[in-house]
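Coordinate inspection notes
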Amino acid sequence: MTPDRGIDADFLDLPRRELADAALAAAIAAGASYADLRIHRISTEIIQLRDGELETAVINRELGLAVRVIVAGTWGFASHAELAPNVAAATARRAVQVATILAALNKESVRLAPEPVYADATWVSSYQIDPFSIPATDKIAVLEEYSGRLLSADGVDHVSAALTAVKEQIFYADTFGSSTTQQRVRVMPSYEAVTVDTAAGSFESMRTLAPPTARGWEAVAGDQVWNWTDELAELPSLLAEKVKAPSVMPGPTDLVIDPTNLWLTIHESIGHATEYDRAIGYEAAYAGTSFATPDKLDTMQYGSSVMNVTADRTVEFGLASIGYDAEGVAAQSWDLVRDGLFVGYQLDRVFAPRLGKERSNGCSYADSPHHVPIQRMANVSLQPGAEDLSTADLISRIDDGIYIVGDKSWSIDMQRYNFQFTGQRFFRIRDGALYGQLRDVAYQATTTDFWNSMEAVGGQSTWWLGGAMNCGKAQPGQVAPVSHGCPSALFRGVNVLNTVTEGGR
């Protein structure tokens, strides 16, 4: 199949250079010591079906320009929806006015970490088929067909189907001389089957495991990327078994956690905890700060010796993978945890110097032309072990425990320390083998206790890239896509709760 890649011609035809020249020149003339311009176009399509019937089909498009400036060590920001050189210049002057007013209140001067200049650089993510090139009728037809496969199965009373597709295009230029043009695509297909017990007045559900991914239509239709045929065929029987499964006995339990579940625990307890702005209290009002404060860097044992976690803006098909961030910094990969030791943070060009680092690791992003870029998460991933242990190998090491598959609900405190997670599917482990499903399972721990209880990780063959399209941060709120890769992993003596008898606490 020939990849349907390349930056859209109509975006390339925008007067990008003229807008940049006008904005940057106006900002410097008005008194800015630094300025950057971002032209940002984002298209989002959402399709939702209920029991095979269309409920929602909508495309939202946003296009605009944004200008950031530094005046007297203070940020200023302004944006506009009209793409014209005179508007770009006026927007830059307005950003300078904002910075000038705020300078009287600023107590800490902005200093940007240096970065090489990237002139006329381009980057396109690794998708094959642009989902926006597929007619909406064809997309709906695939969701209808897949929903029908589930609805035709015994015991399935309702099916929800959804597809979110996003195409994002960004042009960036700054007064250092960098200019970059990028395009990336991402999709999130999902199906959930529900069975209803009318006599008992209860229901149970189970969702597909396919992750959101920085791929195109090839991840939605057919089995090229995800084996939809097998999963949709298997889901009804798994759901029927879950309905009849016994409730879990709470208490300390050995766990093998599948990457389809563990990615979310990584996101909440490592990804957010190693954002430097949270660690220094700069980000606190939305989703909290972090227990992983700078005094713990290079001293805290985050987890066991088999724990190696990287932040990576370059991994193929990663939702947070880019060529260059919103400050013109090239994508990189670096360590957050090495052999269990906490060794790194996620940084942008402002926070890098505050930590004493010479360079940002490229973690700046804004989800709209009308939002200021903030420090955002890279693809944070647990690395596989050197020995290629399979999931079955890990299960074989447990006499009595639980194998957890798929993500569901979660809760974590405002310092990313105390948490609990549930899942989609839970399988009892007896004498090193799977022994039917369980229900009502949640696992609870503190972040460091949990990761220090990790005895073994699977090999590369178990490594899988999960993620989320809507990681929230900041006020006003912004969302960002991010992926998390991990292998299967074995944990000893984790506290398991019964979500019915203990109310999910």
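Further up the page is the structure itself.
One structure accompanies this document, and this report is about it. (Residues numbered from 1 in each chain as written. Predicted model: local features only at pLDDT ≥ 70, side-chain atom pairs only at ≥ 80, totals over all residues. Heavy atoms only, no water.)

**With respect to the packing of helix 4 (residues 136-151) against helix 5 (residues 228-244)**
Between helix 4 and helix 5, the shortest axis-to-axis distance is 8 Å and the interhelical angle comes to 35 degrees. Relative to helix 5, the crossing made by helix 4 is right-handed. Within the contact between the two elements, helix 4 uses Tyr146, Arg149 and Leu150 and helix 5 uses Trp228, Thr229, Leu232, Leu235 and Pro236. (Axes fitted to C-alpha atoms, helices over the stretch in contact; angles between N-to-C directions. Helix = DSSP H or I, 4+ residues; strand = E, 2+ residues; numbered from the N terminus. Left-handed = near helix turned anticlockwise from the far one by under 90°. Contact = heavy atoms within 4.5 Å.)

**Considerations on the layout of surface pockets**
As a volume, the largest pocket reaches approximately 1,000 Å³. Only strand 1 (34-50), strand 2 (53-71), strand 5 (158-174), strand 6 (179-197), helix 6 (259-271), strand 16 (410-412), strand 22 (464-473) and strand 23 (478-486) provide two or more residues apiece to the lining of the largest pocket. With 7 residues, the top contributor of residues to the lining of the largest pocket is strand 22. A per-class count over the lining of the largest pocket returns 24 nonpolar, 12 polar and 10 charged. Its boundaries defined by the atoms lining it, the second largest pocket holds a volume of some 780 Å³. Along the wall of the second largest pocket there are 34 residues; nearest its centre are Trp75, Tyr282, Val372, Pro373 and Ile374. Where the lining of the second largest pocket is concerned, the elements lending two or more residues are strand 3 (74-80), helix 3 (85-103), helix 8 (351-354) and strand 13 (374-375). Take the lining of the second largest pocket: its biggest share by element is 4 residues, from strand 3. For the lining of the second largest pocket, the per-class residue count stands at 16 nonpolar, 10 polar and 8 charged. (1 Å grid on protein atoms, 1.4 Å probe; cavity = no way out; pocket = protein on both sides within 12 Å on 5 of 7 lines; lining within 4 Å. Points joined across faces, edges and corners; volume = space filled by probe spheres on them. Nonpolar A, V, L, I, M, F, W, Y, C, P; charged D, E, K, R; others polar.)

**Some details on helix 6**
Between its first and last C-alpha, helix 6 extends only 15 Å over 13 residues, short of the 18 Å set by a 1.5 Å rise per residue. By the criterion of burial, helix 6 is predominantly enclosed, with 13 of the 13 residues buried. (Expected span 1.5 Å × (residues − 1). Buried < 20%, exposed > 50% of the residue type's maximum accessible area, 1.4 Å probe, protein only.)

**Here's the deal with the packing of aromatic side chains**
Per the stated rule, a full pass over the model turns up 22 aromatic pairs. An angle of 50 degrees between the planes, with centres 5.0 Å apart, marks the rings of Phe291 and Tyr417 as tilted. With Phe291 in the loop between helix 7 (276-279) and strand 9 (309-312) and Tyr417 in the loop between strand 16 and strand 17 (418-421), this pair connects stretches of sequence that are 126 residues apart. Given the relative accessible area of 28%, Tyr417 is considered partly exposed. Taking 5.7 Å as the distance between ring centres and 15 degrees as the angle between the ring planes, the aromatic pair formed by Tyr443 and Phe450 counts as stacked. Residue classification places Phe450 among the buried positions, given a relative accessible area of 1%. Connected via pairs of aromatic rings, a cluster forms that spans Tyr276, Tyr282, Phe291, Tyr302, Phe342, Tyr345, Phe351 and Tyr417. (Phe/Tyr/Trp six-rings, centres within 6.5 Å; stacked < 30°, edge-to-face > 60°.)

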